[in-house]
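Examination of the molecular architecture
Chain by chain, the residues run as shown.
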Amino acid sequence: MRNVLTLVVREMGAYFRSPIGYSVPILFWVLAGLRFYLDLEWTQGDVEAALAQLMGGVHFWLLTFLIVPALTMRLLAEERRSGTLEMLLTAPVEDWEVVAGKFLGAWLFYAFLWVPLPLYLAAVIFLGGSPDLGAVAANFLGVLLVGALFLAVGLFCSSLTSNQIIAALMCAVGLLVVSFLPEVARLFPRILWIQIAGDQLSFFHHFDEFRSGVVDGRPVVYILTLIGLALFLTARSLEARKWR
Amino acid sequence: MIEAISLHKRFGPVQALRDVSFGVAQGEVAAFLGPNGAGKTTCMRILTGFLPASAGRAVVAGFDVAAQSRAARAALGYLPESVPLPGDMRVREYLDFRARIKRVAVRQRRRRIATVVERCGLETMKARLVGRLSKGYRQRVGLADALVADPPVLIFDEPTVGLDPNQTVEVRRLIAELGAERTVLLSTHILSEAEAISGRIIIIHHGRILIEDTPAGLQRRVHAHRPIRVEIAGAAAPACRAALAELTGVRRVAAADDAGSHGGEWHGLAVHHDTETDLREAIFALARERGWRLRELHREDLSLEQIFRAVTGADAGKGGADA
Ligand SMILES: Nc1ncnc2c1ncn2[C@@H]1O[C@H](COP(=O)(O)OP(=O)(O)OP(=O)(O)O)[C@@H](O)[C@H]1O
Ligand SMILES: [Mg+2]
């Protein structure tokens, strides 16, 4: 566990020293902040609607699809390209510790992007709004979970190649596949259980539950399962160097 | 401390290692000697658990590198061939990260880092970005990293490549020092380096071990094949060559490879022979007797190619396993 912590600290350091470390937060804060402000304007101060847009509107998804590949493409592809993976994996650490460290580091950085959220809330309350904090918390939990899932997919893609650009492209495709699992599943009409599972596979559907302020155990478990699967595959892909 | 038992490794069609077995004991420095593509790096990667063997097994510090990988890795320090380092960290910070990941106890960490920084001559570079260091300093950071957890087994892949002559001497001395109480396996292309720092030389070619011997033993085997380089003045070149060829054991006297570089009265000659005794004394005596002047007399180093020819009696061929 201490190794994981060491790796998380290392990964955060790498973020804050790379161009990604300042360009992504600035992009995100400017665009998300602007959108939040405009939403407040357009809805004439409907705080709930503006917050729902901020954490689940079209802009949210666009930014997420842009940011996640940027945050994850480097993680393992660069270690592979520069050869530092050999240094890392010949130290007494387990493959899963490397995966966990990279994943948690990326996720913490993603959470860091949301630092302005409490500020927005404070500002809204200061200006006389009264957002339902419970609903906001549920929605934010959904945001963190979806972020974690997307980052895990990106990490897996980064483990498959030594080229960051290819990792980013694969990540974008991977995110689309994960996002539209039911639609993808319909391409395979003869696999019965997929049909039965149907919409349950859609985390958009689950995500909307979070947005409406309901935290149910099942979607949480579902998303955590997908995250676990992606991380498991990442660890296997690190190990795959051994099969060739 | 290091034991390889019948290691095989293939990469698709390329057979990188064939039936490689050897052992290195504690307090011993062993050197892998072989040309490009011989399989040195591959073998070291198996020993460090980075790659699995296709067949056979390896034991480091009593731990099987496949089954008890973590324990084996905890006992070894590894300097990879190209010394890959993350570009964004500073030397001290990088060593601190490596010390943490290698589980150096909190209370010893500072002291260990200070020790290896001093030992590898990195004091003035502590605050530099690792990614901007020159090749030689990167090499030293790699060495410091390998040593930081004070492991009993050290594996260095071409530790002196890219170092300036002073540094090369210093690193060789460091390795000799380390070898006193630890187990060291290193690789090199240079026979004289292997002879200078190791107690045992393992010559590997096309993924196979050709010879395993002490420097002295290897010397004996290739001794007869080391030509003697002389530079003589005071007689015509053909006369010198004829006189030298008369000495017992001499097979052939040829113009030295660099003979063109000095004209005039000096003749550069290479005396090829096949005797166990050192001919240099006899050559000197001959020169004195004939009244020649002599300004050079030494045994030339053999290239790896020549060594292979010497020990296998055949042309070992050029290039690696994939050639
Ligand atoms: N990952 C790999 N995939 C395929 N072939 C490989 C791989 N690594 C090494 N080889 C092949 O295995 C053989 C041995 O390579 P290795 O790197 O062990 O040689 P080496 O003795 O270290 O050579 P050098 O002196 O150039 O460092 C070569 O033919 C090489 O092409
Ligand atoms: Mg090599």
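Here's what I pulled together on the structure shown here. (Residues numbered from 1 in each chain as written. Chains lettered and ligands numbered in written order. Predicted model: local features only at pLDDT ≥ 70, side-chain atom pairs only at ≥ 80, totals over all residues. Heavy atoms only, no water.)

Examining the overall build of chain B
A tally of helices and strands in chain B yields 11 helices and 14 strands. Taking the principal axes of its C-alpha atoms as reference, chain B extends roughly 75 × 45 × 35 Å. Scored against the burial criterion, the 323 residues of chain B give a buried share of 52%. Considering only contacts within chain B whose residues lie at least 6 apart along the sequence, 69% involve residues at least 24 apart. (Helix = DSSP H or I, 4+ residues; strand = E, 2+ residues; numbered from the N terminus. Buried < 20%, exposed > 50% of the residue type's maximum accessible area, 1.4 Å probe, protein only. Contact = heavy atoms within 4.5 Å.)

Quick notes on the sheet that holds strand S5 (residues 63–64) of chain B
Residues and elements named next belong to chain B. The strand order S2-S1-S4-S5 describes an open sheet built from 4 strands, whose pairing is antiparallel. Lying at the two open borders of the sheet, with one neighbouring strand each, are strand S2 (14–24) and S5. Examined bridge by bridge, strand S1 (residues 2–11) and S2 share 7 bridges and lie antiparallel to one another. Of the residues in S2, the one forming a bridge with Lys9 is Leu17. The sheet contacts of helix H1 (residues 40–47) involve S1, S2 and strand S4 (55–60), and relative to S2 the element is tilted by about 60°. (Pairing = 2+ DSSP bridges. Axes fitted to C-alpha atoms, helices over the stretch in contact; angles between N-to-C directions.)

Thoughts on unusual backbone geometry
All names here are of chain B. At Ser6, a residue that is not glycine, the phi angle is positive and equals roughly 50°. With respect to the helices and strands, Ser6 occurs in strand S1. Phi is positive for Asp19, close to 50°, though the residue is something other than glycine. Position of Asp19 among the secondary structure elements: in strand S2.

Quick notes on the coordination of the magnesium ion (ligand 2)
Residue and element names in this part refer to chain B. Protein ligation of the magnesium ion (ligand 2) involves Thr41 (OG1) and Glu81 (OE), the donor distances falling in the range 1.9 to 2.6 Å. Of this pair, Thr41 sits in helix H1 while Glu81 sits in the loop between strand S6 (76–79) and helix H3 (91–101), placing them 40 residues apart in sequence. The exposure class assigned to Glu81 is partly exposed, which follows from its relative accessible area of 36%. (Donors = N, O, S within 2.8 Å, 3.2 Å for Na, K, Ca; no water.)

Focus: the site of ligand 1
Residues and elements named next belong to chain B. Residues in contact with ligand 1 amount to 15 residues; listed here are only the nearest, Lys40, Thr41, Thr42, Glu81 and His189. Between Ala38 and ligand 1, the recorded distance is 3.1 Å, taken from a backbone N or O atom to an oxygen atom. The separation between an oxygen atom of ligand 1 and a polar main-chain atom of Gly39 is 2.9 Å. In isolation ligand 1 exposes 640 Å². Once the protein is present, 71% of that is buried. When residues of the shell around ligand 1 are traced back to their parent elements, those giving at least two are S2 and H1. (Near = heavy atom within 4 Å. Polar contact = N/O pair within 3.5 Å; in protein donor to acceptor, adjacent residues only side chain to side chain. Areas by Shrake-Rupley, 256 points an atom, 1.4 Å probe, with all protein chains shown as cover.)

Re the interface of chain B and chain A
Listed by partner, the interface residues are 27 residues for chain B and 26 residues for chain A. Roughly 2,600 Å² of surface becomes buried between chain B and chain A when both sides are summed, with 55% attributable to carbon and sulfur atoms. In this assembly, chain B and chain A are joined by 6 salt bridges. The partner of Glu94 of chain A in a salt bridge is Arg70 of chain B, and the shortest N-O contact between them spans 3.2 Å. Linking chain B with chain A are 13 residue pairs in polar contact (both at pLDDT 80 or more), by the criterion used here. Looking at the side of chain B that touches chain A, its residues break down into 14 nonpolar, 2 polar and 11 charged. (Buried area = accessible area lost by both parts, 1.4 Å probe. Salt bridge = Lys/Arg side-chain N within 4 Å of Asp/Glu carboxyl O. Nonpolar A, V, L, I, M, F, W, Y, C, P; charged D, E, K, R; others polar.)

Purely spatial values, then, with no claim about function.
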